[in-house]
Amino acid sequence: MDLRGKVALVTGGTMGIGAAIATELARLGADIAIAARHLGSEARETQVAIEATGRRCLAIVADFLLPEDCQRAVRTTAEDFGRLDVLIHNAGGPSWGKIEDITPQQWHDTLNLHVSANFYLVREALPYLRAQKEGCIVTVSSTAGIRGVPGAIAYATAKGALPQFTRSLARDLADDNIRVNCVAPGVIRTRFHADMTPERREFNLKHRIPLHREGTPEQVAQVVALLVTNDYITGETVVIDGGLTSRIA
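Source: prediction; values computed, not measured.

Draft legend 1. Highlighting the overall build of the protein chain. Secondary structure summary: the protein chain contains 8 helices and 7 strands in total. The C-alpha atoms of the protein chain give 17 Å as radius of gyration, which agrees with the globular expectation for 249 residues (18 Å, within 12%). Projected onto its principal axes, the C-alpha positions of the protein chain cover 50 × 35 × 35 Å. Among the 249 residues that make up the protein chain, the fraction classed as buried is 47%. In the protein chain, the share of contacts with a sequence separation of at least 24, taken over all contacts with a separation of at least 6, comes to 76%. Element-wise, carbon and sulfur atoms account for 52% of the exposed surface of the protein chain, whose accessible area totals about 11,800 Å². The averaged location of the 28 negative side-chain charges in the protein chain is 4 Å from the averaged location of its 27 positive side-chain charges.

Following this line, the structure appears as structure tokens:
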């Protein structure tokens with residue numbers, strides 16, 4: 001897919017991995033809508049970075065726990081730019097606790113944010129994607145959804161659902177020339193991992209990650225850009241983790 005003249009909606013696009021994805025797609029020629037629950041200084045910085053590429057950027061306030069906000073984010077993007085070609089649901093966040101510790105509300109909120117929001121976003125986006133005779137959807141899972149992670153049962157379950165959602169959706173939408181893929185980042189240098197203790201970080205680098213370093217948002221964005229632009233990839237989950245999930249122990 002040539003991104004010149006295309007439009008992409010990136011949720012959670014104001015910081016971290018989402019901001020890197022939005023900026024990379026803009027560099028490749030797409031106009032960008034970024035959507036998040038709050039629009040602060042980081043959102044403005046991302047807008048400036050996108051506009052520095054010569055592309056337009058629209059910032060949308062949306063809470064992706066709410067179906068109506070998912071739908072509104074898509075409609076606002078399509079109405080403002082006149083089209084929608086790429087949908088990337090990156091908005092999310094950690095959810096800690098073992099099964100006996102988390103509340104039912106925490107369980108449902110975590111699944112709604114990571115899984116159900118994809119459902120509502122895609123349903124709303126489909127008419128716009130079909131109108132262009134091609135489209136691309138990228139979901140964002142995690143290595144936690146592949147191998148599990150201690151003390152994060154809701155988060156790992158939600159992220160584990162996304163590769164199967166991706167595969168099933170890719171089969172359903174192939175005849176519409178709409179491709180669906182997934183990325184599963186590992187330990188990436190973002191605010192998500194900022195509360196990691198120095199001891200835990202050192203253990204990860206020495207013993208869990210074969211490449212002995214963290215990834216960067218830009219490295220994730222490069223893979224997303226490949227999935228968006230290469231029109232012969234669909235139904236795949238690409239792991240970006242420095243080899244973490246390849247370890248036996």
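Draft legend 2. Molecular detail of the packing of aromatic side chains. Summed over all chains, the structure comprises 1 aromatic pair. Taking 5.1 Å as the distance between ring centres and 80° as the angle between the ring planes, the aromatic pair formed by F119 and Y120 counts as edge-to-face. Classification of F119 by relative accessible area gives partly exposed; the value is 38%. Overall, Y120 belongs to the partly exposed group, its relative accessible area being 29%.

Draft legend 3. Looking closely at the state of the cysteines. Applying the stated rule across the entire model yields 0 disulfides. Of all cysteine sulfurs, the one in C136 lies closest to C57, which takes part in no disulfide; the gap is 19 Å. For C57, a relative accessible area of 12% corresponds to the buried category. The structure places no disulfide on C70, whose sulfur is separated from the nearest cysteine sulfur, that of C182, by 17 Å.

Draft legend 4. The nonpolar core, seen in detail. Residues L25, I32, I88 and V228 are the most contacted members of the largest nonpolar core, which totals 30 residues. Where this core is concerned, the elements lending two or more residues are strand 1 (7-11), helix 1 (16-27), strand 2 (31-36), strand 4 (86-89), strand 5 (135-140) and helix 8 (217-229). Among the elements that take part in this core, helix 8 stands out by supplying 7 residues, more than any other. Residues in contact with I32, not counting those within four places in the same chain, are A8, A22, L25, A26, I50, R56, C57, L58 and F81. Among the nonpolar cores identified, the runner-up in size contains 27 residues, and A35, C70, L87 and A170 belong to it.

Draft legend 5. Structural detail: the pairing of strand 1. Counted residue by residue, strand 1 has 5 buried out of 5 residues, so it is predominantly covered. Residues V7, L9 and T11 point to one face of strand 1 and A8 and V10 to the other, with burial holding for every one of them. Of the strand pairs in this sheet, strand 1 and strand 2 are connected by 5 bridges, and their pairing is parallel. If you follow V7 over to strand 2, its bridge partner there is D31. Where the polypeptide runs from strand 1 across helix 1 and back to strand 2, its parallel neighbour, the crossover connection is right-handed.

Draft legend 6. Layout of the sheet that holds strand 7 (residues 237-240). Across the sheet, which stays open at both edges, the 7 strands sit in the order 3-2-1-4-5-6-7 with parallel pairing between neighbours. Of all the strands in the sheet, the pair left with one neighbour each is strand 3 (57-61) and strand 7. Strand-to-strand twist across the sheet, computed as the mean angle between neighbouring axes with direction ignored, equals 15°. Along the sheet, helix 8 makes contact with strand 4, strand 5, strand 6 (178-185) and strand 7, crossing strand 6 at roughly 165°.

Criteria and cut-off values
Residues numbered from 1 in each chain as written. Predicted model: local features only at pLDDT ≥ 70, side-chain atom pairs only at ≥ 80, totals over all residues. Heavy atoms only, no water. Helix = DSSP H or I, 4+ residues; strand = E, 2+ residues; numbered from the N terminus. Rg over C-alpha atoms; globule rule 2.2 N^0.38 Å. Buried < 20%, exposed > 50% of the residue type's maximum accessible area, 1.4 Å probe, protein only. Contact = heavy atoms within 4.5 Å. Areas by Shrake-Rupley, 256 points an atom, 1.4 Å probe, with all protein chains shown as cover. Lys, Arg positive; Asp, Glu negative; His and termini not counted. Charge placed at Lys NZ, Arg CZ, Asp CG, Glu CD. Phe/Tyr/Trp six-rings, centres within 6.5 Å; stacked < 30°, edge-to-face > 60°. Disulfide = S-S within 2.5 Å. Core = buried A, V, L, I, M, F, W, Y, C linked by side-chain atoms within 4.5 Å. Pairing = 2+ DSSP bridges. Right-handed = clockwise from strand over helix to strand, strands pointing away. Axes fitted to C-alpha atoms, helices over the stretch in contact; angles between N-to-C directions.

Purely geometric numbers; function is a separate question.
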